[in-house]
Every structure is written in C-alpha cells, then in structure tokens.
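This is what each chain is made of:
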Amino acid sequence: MIGLRFGLRLAALGISCFGIVAAAPAAAPAAATPAATTAAEPGGALPLDIAYSRREIQRYQGRGQVSHDGKWLAYGVFTPPMKSPGADLEAEPRILPNGTPAHVVGMSLIVADTATGKERPVCAAKQNCWRPSWSPDDRRVAYFSDAGGVAQVYVYDLATSQGRRVAETRIKAKLWPGDEAAWSPDGKEIFVPVELHAPEPEPGQAVKGPKDPNKPTVTVYRTAAEAPPAAAAAPGATPEAMLKHFIRENNATLAAIDVASGKMRVVVPAETEPRPSCMRISPDGKWISYLSIFKTKGETASESYYDIAVAPAAGGPVRVVAPDVQVNEDGEYFESTYRWIPGSRIVYLKDKKLWVADVDGASREPRPLAADLGPLTNEPLLLTRDGRGILVGLEAEGKKTYYHVPPRALALVPFDGGAAKTFSFSGGALSADEGTLWQPDPGHFFVLLRDAKTAERSIARVDVATGQTQPLWKGLGRFEGAGAGTGGGHSWIARYESTDTSGDYYRFDDRFAGRFRISHAEPRLDGIRIGPMQAFVTTVPAYDGKLVNVTTAAFLPAARKPGERLPTLVYFYGGSQVLDNAQEYGGGATNSIPAAIFTTRGYAVLLVDVPLGPEGSGGNPIQEMAEVILPQVHHAIELGIADPNRIAIMGQSYGGYGTASMITQTNLFRAAIALDGLYDLPGTFATMGAGGSTFNFVWSETGQGRMGTHPWADLRRYLANSPYYQADKIHTPLLLIHGKIDKTCPVEGAERMYNALKRLERPAELAIYDGEGHVPGTWSFVNAVDATNRMLEFLSKHLSASREEKR
C-alpha cells in the first residue's frame, strides 16, 4: 500500500501504526465537476477519475518475467477495483477468505512478444491472476488465479493461447513476490505452497454459523507472569499472538503437482519444524529449499527472522541450513535472502556475512566467504552469469538513520575461495532474472548509480577486470528489471518510469541508445502534461547535532512562468528519503494521493527529505522533523519557487502524525492536511489489536515511534512528541481526514485531536469516511474523489489570499 512501505517496517508482518456536544456537520465539498471526471485536454488538470482508476504496472506485484529465450514477457496489469462504500474490500483485509491477497484484486496477466510488443491476455476479464512463472521450455506460464472461486494454480499454453486449472488444490498465496510456482527441470511438475486445511480467519473477520446460547462468549488473555508454567513462552520467543498471525498468513504445505494429471504429492507438510513458507528448487531438481515463517525474539523486538531449510524434492527429512537469518525488511521479504548455485549449494547472508553451504556434500557445515570484506548489506545478492561468483554490497559506516542506505561499495566474490574484487562505487546492479546479473558478456556488468544532489540516475557498464565504468544513460528515471532479451542477452527488458513517463515495459539494448515500448498500460495519461522537477540541496542539523545535506525535489506545474512564486504543498514522510519518488511519474504518491493532482492544478509540490534518529533509541521526532523540514521550505522560498504566504503541508499515516506535529512547532504553514494519522503516543501505546496483539509496544519502543522505552519510564518524552498534548500551540488550519474502520491508526485518535482543537477554538475540520480503511488513495472511488475535492477546496480557501489580506 502506498504510504505504508516506508513508515511501518513491520506493517507487512502484521504490526500496526501503534497497530459530548455533537459537532454541526460541515458542508460537503461540491461534487466533482465534469472537468474533474472526464478525460483532460492536453495540458489540463489530471482528472480524478483517471487518478484513482488508472491501470498500472505496479513496481512489485506486477513485476514481469521474461522467458528463458528472451522472446516473451509475462507481466501483471493492475486495474483498481471500483469499490463502493461498504464493500468487502473497504475493511482492507490482507488476504480474502478465498485465499486471494486483497491487493491483487484487479490484477490481470499479459504475455507480450518482446520483439513486437504484440499482447495476449492470459486470463479472462474480471478474473484475478498473478505471479507468472515460465516453464523450462518457455512454452507455458504457470500462474495463480481465483477464477474457480478460490486461489489455485493454472497454466497458460502459448501454442493454444488457453489457460487451464492444473489441480483443485487451493494454494497458499503470499503478500509479496517469492511464492511463485517453481517448475521441475523436466517441466513435468510444479512445486507450490498449498493450503490443505480450512484456514483460520483473520481476527475481526465474521465467522458464519449459529452461536450456542449456553456457552459463554468470553475471550481470556493472560500475561506471561499469570500464564500457567507449561504455557509460558520461553524467554525471547515469538509472542503467542504474533506466532498465530505468522502461521495463519504464511505457513503452507509444500507440494508438487503433476502438470498433466493434476495429481498432488506432499513434499513438506505444513506442521514440519521449522514451519515452511516459500520454496525454491535446486538447479538439478534434487532439492527444495524453503524459508520458515517469520519469528521474533520478544514482545518489543522490531527485527524478525526466519530459517533456511532444505528437503529432497522427492520427499524426505528436513534439515536447517541456516537458522535465525534476519529478514530483509528494507526490501523484498522473500527474494533477496539466498541463492542456489551449481553443485547443490546455497549461498546466503547472515549476520552481515556471506556464507555457502553444501546441501549434499561430504561436509555440510556452512563456511564463510570473503570475511575480510567486513559487514555486508542485504542487497545486492546476484550470481554472475557463469555461476562462479556473486555480487554483494559493503555496508556504509555509521548508524543507520534511513530505511534504505545504499552500500558504500560493491564486491564480486568467487565461490572457489579466491580474493574478492571490490568496486569503489555504490549502486544497484541490473539483473537478468531474480538472482542473476545481466552480463551480455562475462567481462562486464551494469550498475544503476544515483546522484544525491540532483536526484538523477545513470546507468554505467562496468569492466570486471579493471573496475572502470563507462556511462551509457543519465536522467530522471526508475528501472525495475524483468530479464534479458533475445540476441544472446544483448537486450534488457525492464519496467521504466520517469517524471513524465508512466511505468511500462521497454526493451533496451546493451548501449542504452534507445528504447522500444512493449506495454502501454494506461493510454489515458498520454494527454496529461507533467511539468518539470527541480532538485536542490540544503544543509540541515541532524538529530545528533551534526550538519548533513538533504535533497528536496520540487515538482512544478507545466504552465509555470519563469520566476513565478507558486502556492506550495509540502509532501513528506518522517524518517524516509521520499527523493526516490522524484523518479516516479508526476512525483508519485508519497501521501497516497498522486502529487500530479496538485501540480496539474497550479501548485508546486515539494518532496522533502526528512532524516530522523535511529529506531530503537529514545528520540525527539517532532523537533527533529522541524529542524530538517523548515530549512528546506525556506530554501524553496529563497529560490523563488514557493510563495511564503501560500504554503501548506500534508502527510498520511506517520506523515499525518508528522503534519500535526509540524504545526505545533511553526506558524509558517497556512494550511495542513493530515490523513489517517496518529496523534496521542501514550494514549495509544497499550491499544489491544486483533487477537490480543500488542504490536504497538514494538512501534513505540523499538520501531518508528522512536520512544526507546515504555511510557512509564519516560512519560515526558511521550507527551512532548504527541501533537495532541501540544494542541494549544496549533494556530494553523488543520484538515483531518480518516477512514472509520482504519485498523492501523484508529479513528478515535483523529476524533480526539479534532476535539482538542475545537475546545481551544482553533480552525479545524474532521472528515470521517464510513467503511474506509487506512489508505485514502485506495478507498472506494466516490470517497477518494470526495476526500480529494475536500483537500482542494481546503487549500483553495486558505492559500488563495496572502497573509496580509487575511489580516
């Protein structure tokens, strides 16, 4: 979900944002005008119906897969479901009762010829299809679909252009890539995670059936100190509620299905320890490896772990290769973990070191590789084309204060025990598939480098022998590789997106001299004129008193006149580098609301960089945000971008918290919009989540909240960093927008924040949307449009006149 990936490090694992006089209802904003809900003329405002219904190739879930011969591309296209208020999806479930992940509702699959771009639909309209996987002979694509009512595995045949269900077995689909079907080397079997027993419903899901009136309707919770000795968890063990969540959401039976007959055989039962989740198959087809379900080490631990285990593909005993491998929560949860290499060996990262283990060799003890390199990063972890080495990243020095810290250098590590080759630059490597470097010839590979000052990126060709780089491409753009194309791998297929180009798949040659467009997901955007982006660097005081440089990306209207000062909207998300969104079409949607909605209506949008202190130790996020945001805004004023009398600030989720926090520190902003935020840290610390979970402990003490301990040990810090308790300092008009059934940041927090401002007679408006959850950008169409129109009216009202005129 937009707005969550940066903010909630463990949200994907189930951890929440913390996890009596009636007010007269405010007048609703005017209904969307025809200009707002019909196709725009070239250069016009982005219509809201396009903004919230646009077909897109998503960066993660819609990721493409190139056939082994490079001739075909299979990829997903997401069409937002046209939900109505109160529909089943409004509660924002993670996985639907039929086993379909909620975020793939609306996903379809396409197979395209990489030479011509000619497309074939894999599944019929209004069917949910996802996770394509090519057969070894490139004639078939396995995929998941709920066309039969529940999530099952299907196969599409290129020769017949038909898809068919392989077996009646229900699969255990996951929320992130990495659960794709794995083909046996001979193409006769498909290995998939399956659900053999009726799944336990998510907490809060209605359980159908009559209740026994003679049985008490009681739920009992006990602390570890009160629990019976036999039931008490071992010190440091995963808490019971968390363990149940991990089992319910990720535990699967690993099975092989005969493609011709549909007959299934169990390889690893779900009850096996460690409990299996996602699997891979070895290159020779003799072994399967799997990741266990997630686990944590205590009630307030923010880190999670899994085990890497192996079993014979024919069935047999399970052996743990690597226990307690920390989950890569900054990137892909399942994929950048380990790789199979020739000879039935597994290479993996653990404790920031590189290890290799022989699965069926004489010596099964893992051995370290290139230990002299020092601490390594989670990414990259890419095999060389010949399988004789692997590319890794060297960890940057100093404390980690951002979620995504690039490596300080790269290194190629040979598997034969030879010396590693270190490259002094830092960047992401282009891949030929999920785990292999793109190397048209073995003497070179390609890297994507970033310029922190300009936000530009460049692609360079690296000479393995000398380490010299040859620049090939430079600009504002984002690449997500799908695989190597035809011609001996001398072309590369990738999803490409830039500030003025929406995301689609393109074919590039190995000189990046041009690009051929393979897909065209949303033609309606072709008539929208997106303005330029201007980046600038500001020196700001960091949490520890040191001065650091941060980069701001200013997205401007296409029709801006030279030197014109603009009404300006500040987008931010505390603790993250939203500069990454500078590569996205129109500035992306940091706050779940596309920035292009505002820039195409005459506003400047500032994506500000907001470094905060490290998680796990006590900080002062309100002060830290103010000290880095305000200098960037003043710099935009000095550069003649922002009109100092017409500046507003906006944020969602943790950004909503930050928005309310900022206006307790300054009166610079003429308006503020907080979407689905949280405002009272001590008041929400002990909120009980579904199933008795206390995930908010983690969020506050060792996670994003940065309080470092519980409220009883440092109540002053909690109060000082809660905008609710600083409400008397707020004079900026504040619009609070919240979904009534938001599970992440409950609506009661917004209600309290509004009532505090009401009692203090400060300008505030609260809009609560029935049947809606945490992310306004994914609400039902009518409510997303209404909320956006409400924001536009609020900004127009408070930014239309200068400060002097308002006096």
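Worth saying up front: this structure is predicted, and the values here are computed from it rather than measured.

Q: Tell me about the packing of aromatic side chains, and please be specific about residues and values.
A: Throughout the structure, instances matching the rule amount to 38 aromatic pairs. Aromatic side chains Phe 685 and Trp 712 sit 5.7 Å apart centroid to centroid with 80° between the ring planes, which places their arrangement in the edge-to-face category. With Phe 685 in the loop between helix H8 (681–684) and helix H9 (695–701) and Trp 712 in the loop between H9 and helix H10 (715–720), this pair connects stretches of sequence that are 27 residues apart. Overall, the relative accessible area of 3% leaves Phe 685 in the buried class. Three or more aromatic residues joined by ring pairs form one cluster here, namely Trp 438, Phe 446, Trp 473, Phe 479, Trp 492, Tyr 496, Tyr 506, Phe 508 and Phe 512. When the ring centre of Tyr 338 is taken as origin, the NZ or CZ atom of Arg 280, which lies over that ring, is 4.4 Å away. Seen from the ring of Tyr 506, Arg 515 lies directly overhead, with NZ or CZ sitting 5.2 Å from the centre.

Q: Explain the state of the cysteines to me, and be specific about the residues and the numbers.
A: Across all of its chains, the model carries one disulfide by this definition. Paired through a disulfide, Cys 123 and Cys 129 show a sulfur-sulfur distance of 2.3 Å. According to the relative accessible area criterion, Cys 129 is buried, its value standing at 0%.

Q: Residues and numbers for the pattern of salt bridges, please.
A: Note that side chains of opposite charge can pair when their charged atoms are close. Taken as a whole and assessed by the stated rule, the structure comprises 30 salt bridges. The partner of Lys 474 in a salt bridge is Glu 456, with the nearest N and O atoms 3.7 Å apart. Here Glu 456 lies in the loop between strand E28 (444–450) and strand E29 (457–463) and Lys 474 lies in strand E30 (residues 469–475), a separation of 18 residues in the sequence. Residue Glu 456 is classed as partly exposed on the basis of its relative accessible area, which comes to 26%. If you follow the salt bridges from partner to partner, you end up with Arg 59, Arg 478, Glu 480, Arg 495, Glu 497 and Glu 584 in one network.

Q: I'd like a rundown of the pairing of strand E23 (residues 409–414), residues and numbers included.
A: Along E23, six of the six residues are buried, which leaves the element largely enclosed by surrounding structure. Where E23 meets strand E24 (residues 421–423), three bridges bridge the pair, whose relative direction is antiparallel. Paired with Ala 411 across the strands is Thr 422, a residue of E24. The hairpin turn running from E23 into E24, its antiparallel successor, is six residues long, and Gly 417 in that turn takes a positive phi close to 90°.

Q: Residue-level account of the side chain of Arg 54, with values.
A: Relative to the assigned elements, Arg 54 resides in the loop between helix H2 (48–51) and strand E1 (65–66). One buried charged residue, Arg 54, remains without a salt bridge, the closest side chain of opposite sign being Glu 56 at 4.6 Å. If we skip the residues at most four places from it in the chain, Arg 54 touches Phe 78, Pro 80, Ser 502, Glu 522, Arg 524, Leu 525 and Tyr 585.

Q: Pulling in residues and values, what's your account of the sheet that holds strand E5 (residues 129–134)?
A: Spatially, the four strands line up as an open sheet ordered E5-E6-E7-E8, and their pairing is antiparallel. Single-partner strands in this sheet number two, and they are E5 and strand E8 (162–165). Between one strand and the next, the sheet's axes are offset by a mean angle of 30°, whatever the strand orientation. As paired strands, strand E6 (residues 140–145) and strand E7 (residues 152–157) are joined by six bridges and run antiparallel to one another.

Q: I'd like to hear about the sheet that holds strand E37 (residues 566–571), residue by residue, with values.
A: Taken in spatial order, the eight strands make up an open sheet running E35-E36-E38-E37-E39-E40-E41-E42, and their pairing is mixed. Each edge of the sheet is formed by a strand with only one pairing partner; in this case those strands are strand E35 (533–541) and strand E42 (764–769). Pairs of neighbouring strands in the sheet enclose a mean axial angle of 20°, with direction left out of account. Bridge count for strand E41 (residues 734–739) against E42 is six bridges, and the pairing is parallel. In the strand pairing of E42, Leu 736 is matched with Leu 766. Packed onto the sheet, helix H7 (residues 654–662) meets strand E39 (642–652) and strand E40 (671–675) and runs at close to 140° relative to E39. Against the sheet, helix H11 (residues 747–759) engages E41 and E42, with an angle of about 160° to E42.

Calculation criteria
- Residues numbered from 1 in each chain as written.
- Predicted model: local features only at pLDDT ≥ 70, side-chain atom pairs only at ≥ 80, totals over all residues.
- Heavy atoms only, no water.
- Phe/Tyr/Trp six-rings, centres within 6.5 Å; stacked < 30°, edge-to-face > 60°.
- Helix = DSSP H or I, 4+ residues; strand = E, 2+ residues; numbered from the N terminus.
- Buried < 20%, exposed > 50% of the residue type's maximum accessible area, 1.4 Å probe, protein only.
- Lys NZ or Arg CZ within 6 Å of the ring centre and 35° of its normal.
- Disulfide = S-S within 2.5 Å.
- Salt bridge = Lys/Arg side-chain N within 4 Å of Asp/Glu carboxyl O.
- Pairing = 2+ DSSP bridges.
- Lys, Arg positive; Asp, Glu negative; His and termini not counted.
- Contact = heavy atoms within 4.5 Å.
- Axes fitted to C-alpha atoms, helices over the stretch in contact; angles between N-to-C directions.

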